[in-house]
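Listed below, chain by chain, are the residues.
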Amino acid sequence: MIEKLAELTSIKFTVHQLRHTYAKQLAAETGQIQVVASILGHSNTLAYGVYF
């Protein structure tokens, strides 16, 4: 589905890029790293320090 969307829009992106962008935006808007980790299904918040 994502590949088809990329073809239709002529914008090159991957599922990983979409996930990363979503996480970065959510972290910037909420400032709550625990929320981001929880929504993405992770228990370790240390990996999300790059977003803050």
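For the structure itself, look to the data block above.
Residues numbered from 1 in each chain as written. Predicted model: local features only at pLDDT ≥ 70, side-chain atom pairs only at ≥ 80, totals over all residues. Heavy atoms only, no water.

J.: Just checking my understanding: could you explain the nonpolar core for this structure?
T.: General note: in soluble globular proteins, nonpolar side chains tend to be found buried as a group. Formed by Ala23, Leu26, Ala27, Val36 and Leu40, the largest nonpolar core amounts to five residues. The greatest single-element share of this core, amounting to three residues, is contributed by helix α2 (residues 15-30). (Core = buried A, V, L, I, M, F, W, Y, C linked by side-chain atoms within 4.5 Å. Buried < 20%, exposed > 50% of the residue type's maximum accessible area, 1.4 Å probe, protein only. Helix = DSSP H or I, 4+ residues; strand = E, 2+ residues; numbered from the N terminus.)

J.: Can you walk me through the environment of Ile39 in this structure?
T.: Mapped onto the secondary structure, Ile39 falls in helix α3 (residues 33-39). Residue classification places Ile39 among the partly exposed residues on the basis of a relative accessible area of 47%. The residues touching Ile39, leaving out its near neighbours within four places in the chain, are Tyr22 and Leu26. (Contact = heavy atoms within 4.5 Å.)

J.: Would you take a moment to explain α2 for this structure?
T.: Note on helix geometry: an α-helix contains 3.6 residues per turn, so any two residues three or four positions apart are oriented the same way. Between its first and last C-alpha atoms α2 spans 22 Å; for 16 residues at 1.5 Å apiece the expected length is 22 Å, and the two agree. Buried residues of α2: Ala23, Leu26 and Ala27, and no others. An end-on view of α2 places all buried positions within 100° of arc, on one side of the element. Seen from the buried face of α2, the exposed residues on the opposite side, beyond 90 degrees, are Ala28 and Glu29. Those residues of α2 that are buried are in contact with α3. A positive phi of about 70° marks Gly31, the residue just after α2. (Expected span 1.5 Å × (residues − 1). Arc of directions from axis to C-beta.)

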